Amino acid sequence: MRIHHLNCGTLRPPSPRLVNGTGSLFGRGKCVCHCLLIETDSQLVLVDTGIGTNDIAQPTKTLGAEFVWGVHPVLDPEETAIRQIEELGYAAGDVGHIVMTHLDIDHTGGLPDFPHATVHVNTDELEAARRPLTFMERRRYAGASWAHGPKWAEHRVEGAEWFGFRAVRELPGLPAEILLIPLDGHTRGQAGVAIDTGATEGPRWLLHAGDSYDYHGQLDLDPTCPLGLRVFQYAMQSNRSNRLHNVERLRELATTGEADIFCAHDPVEFDRYVSNTPVSHGLVHAR
């Protein structure tokens, strides 16, 4: 497998200091929508989709006015997953599968750009989107990103553990090296996507942890997180105790050196992969 790290949507929420931990209290901070494109022997696999072409064309309709005015997405068509995939010489039809960490709008916007792909998701997450139980769930799952009727593939938590986490060991149609790791707390069915890269030097596993945390300092032995992100995590969480427990377990995993872990929106973590030089997990490009 070859793995590409893609920024599929730059976000500019208020205050660099409150969001990025440095700089002025004023102005705009920076977040990314960190997605993965995996080249397998037979097809392409996306992990999350970021902001899509429909969002570029009608942002307040698909993303919602609150999101647009709150986090100020850049809305650059060249950042969409479909455009970056085309730059690599592929077409939308080459993407056979999309694996979702969760179904918030800044992760699902590109789904309509790949209408024939099978979309893999934790059963609890799809249930929350289809039948929201709380005010927050009703707000966050507007449904515009899947009005086209994706081919959902639901996965229940089962199978052997993965470094102490529950794991879904088989995703039909995907290589056995790609696992769905339940990390609920931000949403009811939030998941991480773990990839066995087969690396013999450095971390063997790559883990996209979605929105289970938001700042690289949260995985440090002496954890830190800017105030703005702490407030955001509290406001958006579905289960506080589960969220905090999973962050603690991710911190413990990070200390083992077995997995290279990153979240969806931290630009510092994304910049680690912006290189044309291959690294241990087979990275060949980043944007």
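Residues numbered from 1 in each chain as written. Predicted model: local features only at pLDDT ≥ 70, side-chain atom pairs only at ≥ 80, totals over all residues. Heavy atoms only, no water.

Undergrad: Got a minute to help me understand the nonpolar core in this structure?
TA: A general tendency of soluble globular proteins is for nonpolar side chains to be buried together. Core analysis: the largest hydrophobic core is formed by 23 residues, its most contacted members being L46, I85, V95, I98, M100, L103 and F114. Only β2 (34-39), β3 (44-47), α5 (81-87), β4 (95-99), β5 (118-122) and α7 (123-130) provide two or more residues apiece to this core. Among all residues touching L103, those that are not within four sequence positions of it are T108, V121, E125, L126, A129, R140, Y141, W146 and W152. Listed in part, the 18 residues of the second largest apolar core include A167, A209, L219 and C263. (Core = buried A, V, L, I, M, F, W, Y, C linked by side-chain atoms within 4.5 Å. Buried < 20%, exposed > 50% of the residue type's maximum accessible area, 1.4 Å probe, protein only. Helix = DSSP H or I, 4+ residues; strand = E, 2+ residues; numbered from the N terminus. Contact = heavy atoms within 4.5 Å.)

Undergrad: Looking at this model, I keep getting lost on the state of the cysteines. Mind explaining?
TA: Covalently bonding the sulfur atom of one cysteine to the sulfur atom of another cysteine gives a disulfide. Evaluated as defined, the whole model comprises 0 disulfides. With no disulfide of its own, C33 lies 6.5 Å from the sulfur of C35, the closest cysteine sulfur. This cysteine, C263, is not joined by any disulfide, and C31 carries the nearest cysteine sulfur, 8.9 Å off. (Disulfide = S-S within 2.5 Å.)

Undergrad: Is there a simple way to explain the packing of aromatic side chains in this structure?
TA: Working definition: an aromatic ring pair is given by the centre-to-centre distance plus the angle between the planes. What the rule picks out here adds up to 6 aromatic pairs. Measuring from ring centre to ring centre gives 6.1 Å for W146 and W152, while their planes differ by 70°; the resulting arrangement is edge-to-face. Relative accessible area serves as the criterion here: at 17%, W146 is assigned to the buried category. Centre to centre, the rings of W162 and F165 are 6.1 Å apart; their planes meet at 45°, and the pair counts as tilted. Looking at W162, the relative accessible area reads 2%, which means it is buried. (Phe/Tyr/Trp six-rings, centres within 6.5 Å; stacked < 30°, edge-to-face > 60°.)

Undergrad: Explain the sheet that holds strand β7 (residues 178-182) to me, please; I cannot follow it from the model alone.
TA: The pairing of strands in a sheet happens through backbone hydrogen bonds and is either parallel or antiparallel. On the basis of which strands lie adjacent, the open sheet formed by 4 strands has the order β7-β8-β9-β10 and mixed pairing. Taken across any chain shown, the strands that pair with only one partner, and hence form the sheet edges, are β7 and β10 (259-262). The sheet shows a mean angle of 20° between the axes of neighbouring strands, taken without regard to direction. Alignment of strand β8 (residues 191-196) against strand β9 (residues 205-208), held across 4 bridges, turns out to be antiparallel. Of the residues in β9, the one forming a bridge with V193 is H208. Strand contacts of helix α10 (residues 240-256): β9 and β10, with the helix running at about 140° to β10, the strand carrying the most contacts. (Pairing = 2+ DSSP bridges. Axes fitted to C-alpha atoms, helices over the stretch in contact; angles between N-to-C directions.)

Undergrad: Help me out: how do you make sense of the side chain of T10 in this one?
TA: Note on placement: T10 falls in the loop between β1 (2-7) and α1 (16-20). Among the polar contacts listed, one links the side chain of T10 to the side chain of N7, at a separation of 2.9 Å. In this view, T10 contacts K30, C31, H72, P73, V74 and E79; residues no more than four positions away in its chain are not counted. (Polar contact = N/O pair within 3.5 Å; in protein donor to acceptor, adjacent residues only side chain to side chain.)

Undergrad: Can you walk me through the pairing of β2 in this structure?
TA: Along any regular strand the residues' side chains alternate between the sheet's two faces. Most of β2 is tucked away, with 6 of its 6 residues classed as buried. Neither face of β2 is open: one carries H34, L36 and I38, the other C35, L37 and E39, and all of them are buried. Taken together, the 6 bridges between β1 and β2 define a ladder with antiparallel strand orientation. By the bridge assignment for β2, I3 is matched with I38. When β2 meets β3, the two strands line up antiparallel, connected through 4 bridges. Considered in β3, the bridge of L37 is made with L46. Between the end of β2 and the start of β3, which pair antiparallel, lie 4 residues.

Undergrad: Hey, could you run me through α7 in this one?
TA: Since the α-helix advances by 3.6 residues per turn, residues separated by three or four positions end up pointing in the same direction. Considered for burial, the residues of α7 that qualify are T123, E125, L126, A128 and A129. Residues of α7 that are buried make contact with β5, α8 (135-140) and β6 (151-155). One side-chain oxygen at the N-terminal end of α7 lies 3.0 Å from the backbone nitrogen of D124; it belongs to N122.

Undergrad: Is there a simple way to explain the confidence of the model for the protein in this structure?
TA: Segments scoring low in pLDDT should not have their predicted coordinates read at a detailed level. Summarising the model, the protein shows a mean pLDDT of 92, and 95% of its residues fall at 70 or more. Residue range residues 276-287 is modelled with pLDDT below 50. Its contacts to residues more than four positions away, or to other chains, number 41 contacts. (pLDDT = per-residue confidence, 0-100.)

Undergrad: Sorry, what's going on with the pattern of salt bridges here?
TA: Under the criterion given, the structure shown has 10 salt bridges. With its nearest N and O atoms 2.7 Å apart, the salt bridge here joins R131 to E127. Among the residues examined, R131 registers a relative accessible area of 47% and is labelled partly exposed. For E127, a relative accessible area of 29% puts it in the partly exposed group. (Salt bridge = Lys/Arg side-chain N within 4 Å of Asp/Glu carboxyl O.)

Undergrad: What should I look at first to understand the pairing of β8 in this one?
TA: Most of β8 sits out of view: 6 of its 6 residues are buried. Residues of β8 alternate between two faces, with A191, V193 and I195 on one and G192, A194 and D196 on the opposite face, all of them buried. The sheet contact formed by β7 and β8 spans 5 bridges and is antiparallel. Its bridge partner being in β8, P182 is matched across the sheet by A191.

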